Structure formats: C-alpha cells, structure tokens
Amino acid sequence: MTTDRHEAPRQPVVPPAPSTIDLHTHSTRSDGVLEPATLVADAAAVGVRLLALTDHDTLAGVREIDSAAAIPDGLALVPGVEINTISPLGASLAEGELHVLGLGVRTDDEAFEAVLARQRTGRRRRFERTVERLREIGLPVDAGAAELTSGPDDALGRPTIARLLVAAGHATSVQDAFARLIGHDGPGYVPRSGIGPTEAIAAIRAAGGLPVLAHFWEASERADVLRELMAAGLGGLEVYYRTWDAPTVLATREVAAALGLVATGGSDYHGDTGTYAEAHASLWVPPEVAAAIAT
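Residues numbered from 1 in each chain as written. Predicted model: local features only at pLDDT ≥ 70, side-chain atom pairs only at ≥ 80, totals over all residues. Heavy atoms only, no water.

Caption draft 1: Quick look at the environment of Ile-195. Along the chain, Ile-195 turns up in the loop between helix H6 (174-182) and helix H7 (197-206). Given a relative accessible area of 9%, Ile-195 falls into the buried group. With residues near it in sequence (within four places) discarded, Ile-195 still touches Ile-83, Thr-85, Ile-86, Val-115, Gln-119 and Ala-200. (Helix = DSSP H or I, 4+ residues; strand = E, 2+ residues; numbered from the N terminus. Buried < 20%, exposed > 50% of the residue type's maximum accessible area, 1.4 Å probe, protein only. Contact = heavy atoms within 4.5 Å.)

See the structure below:
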C-alpha cells in the first residue's frame, strides 16, 4: 500500500503515451479492492499489454486467473508477488521494512508456497493483534474483521484494517486511518514479523523469479544497501513508480543503470483512491522494460 513515505515533492512525470506495462498491482487476494479477473480486465481495457499481479505473500490471484482462463487477448500476465520483509540493514527505512517483488515466479513451486504460507500466517496474526489493539483504545472494528478472518487464506493487511476503520466511522479515508491510527507512530500500530530481504530474495530466485526492490526512494543515497542485496541475488530495482516525481525517477534510474539492475515499474494499484484507469493515466513505464523482464 502506498503512503507518503514513498513519495517526494511533486514534479510529476508526464506520460508521453499510455503505458503498456504495469509490473506492480494488488487485488482482493491481498489488500486491493478489485477481484483479480476485474483488475486484469481493467488493465487490458486501458492498453496494458504486460501486467504483473503482485499480491502480498500470495499467488492465489494469479492461479485463479489462470484456472478461469481470464487473461484478455493481447495481454501477458506475469506471475508475481510482493514480500514485505523485515530489514536488518542500517538504512533509515520506513518502519524497518524493505519490500521485494518476485516477478516471473513459478506458481507451482511447493517450497516457495511454503515460504508464502508462513508469511500469510504472520500477516493474519498481525491483523488479529491490530483488531485487538483498536478495541482496547476504543476504536472497534471486530464485526467486519470477523467476517474477513473466517474467509479464505488471503493475505490480510493494514489497508484492509484501514477500510474497516472508515466503515466504522473512525476514519474519513484509508489515508486518514494510516496517518492518525495505524501508521508507524499511530496508537493502533502493531509491528510486523516475518522473513528478511535476503531470505525473500533467495526464495524468489529458487522459484525462478526476478527479485526486485520495490519503491525504494532512498536508492540514490543508499547504494550500499543495494549492493548488499545484490550480493544476495537482487536483480532489479523499481524505477518507474507511479507516485514518484520526475527527479526521483531519474535518480533511481541512474542508480539502477550504474549497478546493472533491471529497471522495472508499476502503479502499485490498490484502488482506494480511484479506478484503475485513473491510476493508469499517471503511469509511465517505458516499452523497453518488457524486453528486460523477458530476459
């Protein structure tokens, strides 16, 4: 879920044409608002031809689309995942996390699925503890949470909690919920548990995927972090991130080129602030990124 920590003062990127690539999206199988098939259809409708579904800690949405043959003509779907890792590195990281995308992973890799299952268990525990914390401080969301936790093994996350807070009248928007209540300094914040970035990178590599560091806006200042992760197998860096300004994109692209990392990009679409078409209108991922992903 994007928050202000991923954004810089705005000098917006102006897309020279509708982007045909989006390598970072989320569906209802983690913390997005659209069903996987709807997300894919909406992306295809605005001209996306290479799409990665990168739900947090789960490939369920990708499998669902494949099994239903729900990939529109002319669109290639990249099996993907986003793993939120606990960083032991010395970077001044938001909430002590690094987010690693796995692009092109095998969806039938049992060892990788076991890693993701452990991550989802940690997510569910954090979700339940957050619900408890909110109840303790007089902001109950138990009714909505109970329905969610009794459902399928989806990767529950804080955006889901934020939507429950809005529905219960405790917050005016998802952004307001993060800013006042469940962000890192909020009274409802519960720390994350889970694997570190090197373990996530190794698991993605073992499953045949490309490990990509997502929305790391500090890249131009923390090449040391990138080199340490590259030693563990990091292969890409998200450069064309929809909410970044032009100078941040340029600086991150230069770092990726200097280090030999594959430059990727995407919308990080969740759906809380508008339709996919609205998000896509401000997205620009150069067409040459497709060739880099294919290799």
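Caption draft 2: Quick peek at the pattern of salt bridges. Tallying each qualifying case throughout the model produces 12 salt bridges. Taken together, the shared-partner salt bridges connect Arg-29, Glu-35 and Glu-64 into one network. (Salt bridge = Lys/Arg side-chain N within 4 Å of Asp/Glu carboxyl O.)

Caption draft 3: Inspection of the sheet that holds strand E6 (residues 236-241) at higher detail. Taken in spatial order, the 7 strands line up as E1-E2-E3-E4-E5-E6-E7 in an open sheet, and their pairing is mixed. For this open sheet the edge positions go to strand E1 (21-25) and strand E7 (262-266), each flanked by a neighbour on one side alone. Taken over all neighbouring pairs, the strand axes of this sheet differ in orientation by 30 degrees on average, direction set aside. Alignment of E1 against strand E2 (residues 50-53), held across 3 bridges, turns out to be parallel. Directly across from Asp-22, in E2, lies its bridge partner Leu-51. Sitting on the sheet, helix H3 (residues 110-136) touches strand E3 (76-86) and strand E4 (97-103), and the angle it makes with E3 is about 55 degrees. (Pairing = 2+ DSSP bridges. Axes fitted to C-alpha atoms, helices over the stretch in contact; angles between N-to-C directions.)

Caption draft 4: Quick peek at helix H1 (residues 36-45). Residues of H1 that are buried: Pro-36, Leu-39, Val-40, Ala-43 and Ala-44. All buried residues of H1 fall inside an arc of 130 degrees around its axis, so they share one side. Turning to H1, the residues buried within the fold contact E1, E2, helix H2 (60-67), E3 and helix H10 (276-280). (Arc of directions from axis to C-beta.)

Caption draft 5: View of the nonpolar core. Core analysis: the biggest nonpolar cluster contains 62 residues, and Leu-23, Phe-112, Leu-226 and Leu-237 have the highest contact counts within it. In this structure, Phe-112 is in contact with Leu-59, Val-81, Ile-83, Val-105, Ala-203, Ile-204 and Ala-207, ignoring residues within four places of it in sequence. With 17 residues, the next largest nonpolar core counts Phe-127, Val-131, Ile-161 and Leu-181 among its residues. (Core = buried A, V, L, I, M, F, W, Y, C linked by side-chain atoms within 4.5 Å.)

None of the figures reported here should be taken as evidence of function without further support.
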